[in-house]
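Spelled out from the first residue to the last, the chains are:
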Amino acid sequence: MPCRFEKMEGQVVGTMLRLFRNRLPRLRAGSRQDNLREAAKEPERAPEHCLSTFAGGQHFFEYLFVVSLKKKSSGHDYEPTITYQFPKRENLLRGQQEEEERLLSAIPLFCFPDGNEWAPLTEYPRETFSFVLTNVDGSRKIGYCRRLLPAGRGPRLPKVYCIISCIGCFGLFSKILDEVEKRHQISVAVIYPFMQGLREAAFPAPGKTVTLKSFIPDSGTEFISLTRPLDSHLEHVDFRSLLRCLRFEQILQIFASAVLERRIIFLAEDLSTLSQCIHAAAALLYPFSWAHTYIPVVPESLLDTVCCPTPFMVGVQMRFQQQVMDSPMEEVLLVNLCEGTFLMSVGDEKDILPPKLQDDILESLGQGINEFETASEQLNEHVSGPFVQFFVKTVGHYASYIKREANGQGRFQERAFYKALTSKTNRRFVKKFVKTQLFSLFIQEAEKSKHPPAGYFQQKILEYEEQKKQKKSREKTVK
């Protein structure tokens, strides 16, 4: 997940801030509820300085929190409250303290987005999910959560372990949460040395491993290896939940809606499914980044987000389905992940993408899909690949239409770019796509860079161009 931010002239960058500006003139003057709304605003591309550094690398995380349910002084409802924090806030400047207060006010509600009506339980299935918070400077923080019943006898309330990081790598943080959970069953004190060691370890480069030494009472010293996937553009996603819930044709329609920056709502019972499916849907847009309101699990107090007139991609628990359905909404794709159906749609989702390229995606997705049921990295590549190829075929020639001036600044030749496409259906689609913020942000980055970025997308573009050259060469030989 990129950690960049581009401020666009003439555009308001915070959808949620724009929606609630009358109640939120300044963040630090706002109430706790207003701070929540601001924290949940769209995840713009964040500046590079959002990542704290250590020993030339990046910190794994900023904070670990334990969020518990505490009974309110009045009534029978429970309120989520931070009951443990590592590290403690020390030596912060005033501005930093205000930012941390905003963060701390938001986290409990995102750890327990399903409201305050709880009762002690004897059984509760663990859930692993995540949320995204956007700072006032545009930088993004991700909350990785594990919610479960603590060890004990008799009815008790669930609690959440929440790790806050600027880094998007969900598989890795799930493993870290496993280690936190294991230590918390022994004692909170056992968590400290593990998290301290993790905080002092530099985040590994793609394909590399960091090994931590940790002591656990009665078990002795353990060595924990944390490996980052080699292909980092998919390390923040797992497509298995999306594939379990929806057919390929439905996923393609969701992709088409996202490409045109429409409003998309996912409904599901559990937090894990919501979180994983919304991240998977956003990941299909690679190499482009969703630059609008993005809330994997919407807290009950922010359900009016679905009335937002601007693009959004949000997840809502099924218990709030009727509230969502009763809300005034226009041109929304409402996806029921439990039933595998669309409850609302615009109606043209099947016609957005060029028919030939739709067929190519569906054919590629269906080939050998059952071979990847347990191998998540291979499955991720198999699912993402056809969508990357879609962008290669439609906009992969972008670099040839950036004209460089004497000072090195690039100027994108939009008209010549889409006219270069020989297919009328491809050209019709691209003429719409170039008007989106998805494409605008991408092309602004390309205009600044004197050379195409070396990465997975560029690699696929070069491979595709080589294939076309070889095909032309074979055709000439036959003639």
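Please read all numbers here as calculations on a predicted model, not as lab measurements.

Of note, Ser257 is situated in helix α7 (residues 248–259). In contact with Ser257, not counting residues within four places along its chain, are Arg262, Ile264, Leu333, Glu349 and Ile352.

Turning our attention to the nonpolar core. By size, the foremost hydrophobic cluster in this structure holds 108 residues, and its most contacted members are Ile107, Phe255, Ile265, Phe266 and Met313. Contacts of Ile265, omitting those with residues within four sequence positions, involve Val306, Phe312, Val314, Val316, Val324, Met329, Val332, Leu333, Leu334 and Val335. Residues Leu148, Ile167, Leu172 and Met195 belong to the second largest nonpolar core, which totals 29 residues.

Across the protein chain, the average pLDDT comes to 82, with 84% of residues at 70 or higher. This stretch, residues 1–39, has a pLDDT under 50; its non-local contacts, to residues over four places away or in other chains, come to 98 contacts. Scored below 50 in pLDDT, residues 41–57 shows 73 contacts in the model against residues more than four places distant or in partner chains.

Attention now goes to the pattern of salt bridges. In total, this model carries 17 salt bridges according to the counting rule given. Between Asp114 and Arg147 there is a salt bridge, with the nearest N and O atoms lying 2.7 Å from each other. In this pair, Asp114 is assigned in the loop between α3 (94–111) and β5 (127–134) and Arg147 in strand β6 (residues 140–148), connecting sequence segments 33 residues apart. A salt bridge links Arg411 to Glu405, with the shortest nitrogen-to-oxygen separation between them at 3.5 Å. Classification of Glu405 as partly exposed rests on a relative accessible area of 37%. One connected set of salt bridges, linked through shared partners, spans Arg126, Arg146, Asp178 and Glu181.

The subject of this paragraph is α7. If you check α7, its first and last C-alpha atoms are 16 Å apart, about what 12 residues at 1.5 Å a residue would give, namely 16 Å. Extensive coverage of α7 is indicated by the burial of 10 of its 12 residues. The first or second residue beyond α7 is Glu261, which carries a positive phi of 55°.

Take the sheet that holds β6 next. Spatially, 5 strands are ordered β4-β3-β7-β6-β5 in an open sheet, and the strand pairing comes out antiparallel. The open sheet terminates on both sides in strands that have one partner only, identified here as β4 (78–86) and β5. The mean angle between the axes of side-by-side strands here comes to 25°, regardless of whether they run parallel or antiparallel. Where β6 meets strand β7 (residues 159–165), 7 bridges bridge the pair, whose relative direction is antiparallel. Counted as the bridge partner of Cys145 is Cys162 from β7. Sheet contacts for helix α4 (residues 170–184): β3 (63–71), β5, β6 and β7; angle to β6, the most-contacted strand, approximately 45°. In the packing of helix α8 (residues 271–283) onto the sheet, contacts are made with β5 and β6, and the angle to β5 comes to roughly 50°.

This brings us to α8. Here α8 is 13 residues long and its end C-alpha atoms lie 18 Å apart, about the 18 Å a rise of 1.5 Å per residue gives. Listed as buried for α8 are Leu271, Ser272, Thr273, Leu274, Ser275, Cys277, Ile278, His279, Ala280, Ala281, Ala282 and Ala283. At the N-terminal boundary of α8, the capping side chain belongs to Asp270, with an oxygen 3.3 Å from the backbone nitrogen of Ser272.

Here the focus is the environment of Val259. Summarising the element assignment, Val259 is placed in helix α7. Take Val259: its relative accessible area is 0%, and that puts it in the buried class. A sequence separation of 26 residues divides Val259 from Leu285, and the C-alpha atoms of the two residues are 7.1 Å apart. With near-sequence residues (within four places) excluded, Val259 lies in contact with Leu285, Phe391, Phe429, Phe433, Thr436 and Leu438.

Parameters at a glance
Residues numbered from 1 in each chain as written. Predicted model: local features only at pLDDT ≥ 70, side-chain atom pairs only at ≥ 80, totals over all residues. Heavy atoms only, no water. Helix = DSSP H or I, 4+ residues; strand = E, 2+ residues; numbered from the N terminus. Contact = heavy atoms within 4.5 Å. Core = buried A, V, L, I, M, F, W, Y, C linked by side-chain atoms within 4.5 Å. Buried < 20%, exposed > 50% of the residue type's maximum accessible area, 1.4 Å probe, protein only. pLDDT = per-residue confidence, 0-100. Salt bridge = Lys/Arg side-chain N within 4 Å of Asp/Glu carboxyl O. Expected span 1.5 Å × (residues − 1). Pairing = 2+ DSSP bridges. Axes fitted to C-alpha atoms, helices over the stretch in contact; angles between N-to-C directions. Polar contact = N/O pair within 3.5 Å; in protein donor to acceptor, adjacent residues only side chain to side chain.

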